[in-house]
Amino acid sequence: PHVHVIWGFSKDFGCAGWRVGVLVTENSQVNSAVRGLVHPSECSTDTVNMLARLLSAPGVTASYCDAHRRNLAHAYGSLTQSLIEAGIDFLPNTSGLFVLLDLRKHLPTPDEAGEDALWRRIL
């Protein structure tokens, strides 16, 4: 009851916009909480067909994941090099699609007003 497995195509396969995922849990409280956060719906036949082919074709998933890993590594390298050149600190990442920035030294004041001012400057 304390182990929950969550994965989705948009994050795990880099398929932005594919709102298809899986939750495996035996915990009724987690199930109830998730049901309140998601809009349950069925996938279209086209989506199910495409995902089934992606997962079942010999070598396709491994090949896709290898290419996706290479593309992510390239994008990560380009992004972090740009951040270094711009003097923006970040937490090094070993996996995933996100890079956490440390923008504290760019705050005009170390409070909520400073965060708001920086946010407005960025936008």
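Just so we're clear, the structure is a prediction, and the values are computed from it rather than from any experiment.

Calculation notes
- Residues numbered from 1 in each chain as written.
- Predicted model: local features only at pLDDT ≥ 70, side-chain atom pairs only at ≥ 80, totals over all residues.
- Heavy atoms only, no water.
- Phe/Tyr/Trp six-rings, centres within 6.5 Å; stacked < 30°, edge-to-face > 60°.
- Buried < 20%, exposed > 50% of the residue type's maximum accessible area, 1.4 Å probe, protein only.
- 1 Å grid on protein atoms, 1.4 Å probe; cavity = no way out; pocket = protein on both sides within 12 Å on 5 of 7 lines; lining within 4 Å.
- Points joined across faces, edges and corners; volume = space filled by probe spheres on them.
- Helix = DSSP H or I, 4+ residues; strand = E, 2+ residues; numbered from the N terminus.
- Nonpolar A, V, L, I, M, F, W, Y, C, P; charged D, E, K, R; others polar.
- Salt bridge = Lys/Arg side-chain N within 4 Å of Asp/Glu carboxyl O.
- Core = buried A, V, L, I, M, F, W, Y, C linked by side-chain atoms within 4.5 Å.
- Contact = heavy atoms within 4.5 Å.

Enquirer: Is there a simple way to explain the packing of aromatic side chains in this structure?
Expert: The description of an aromatic ring pair uses the distance of the two centres, along with the angle that the planes make with each other. Enumeration according to the criterion identifies one aromatic pair in this entry. Both rings, one in Trp7 and one in Phe9, keep their centres 5.2 Å apart while their planes meet at 65 degrees; by these two values the pair is edge-to-face. Relative accessible area serves as the criterion here: at 28%, Trp7 is assigned to the partly exposed category. Overall, the relative accessible area of 4% leaves Phe9 in the buried class.

Enquirer: I'm lost on the layout of surface pockets in this one. Help?
Expert: Empty space within the second largest pocket amounts to approximately 350 Å³. Lining of the second largest pocket is provided by 18 residues; of these, Leu72, Ala73, Ser95, Gly96 and Leu97 occupy positions nearest its centre. Ranked by the residues each element gives to the lining of the second largest pocket, the list is headed by helix H4 (residues 60-86), at nine residues. Across the lining of the second largest pocket, the residue classes tally to eleven nonpolar, five polar and two charged.

Enquirer: Would you mind showing me how to read the pattern of salt bridges here?
Expert: Any two side chains of opposite charge can pair, given that their charged atoms come close. In the structure shown here, the tally under the stated rule is four salt bridges. Between Asp66 and Arg69 there is a salt bridge, and its shortest N-O distance comes to 2.8 Å. Remark: Arg69 and Asp66 occur in helix H4; sequence separation between them is three residues, near one turn of the helix. Residue class for Asp66 comes out partly exposed when judged on its relative accessible area of 37%.

Enquirer: Hey, could you run me through the nonpolar core in this one?
Expert: It is characteristic of soluble globular proteins that their nonpolar side chains tend to be buried jointly. In terms of nonpolar packing, the biggest core is built from seven residues, these being Phe9, Phe13, Cys15, Val20, Leu51, Leu54 and Cys65. Ignoring anything within four residues of it in the chain, the contact list for Phe9 reads Gly14, Cys15, Trp18, Val20, Leu51, Leu54 and Leu55.

Without other data, these values stay purely geometric and don't point to any function.
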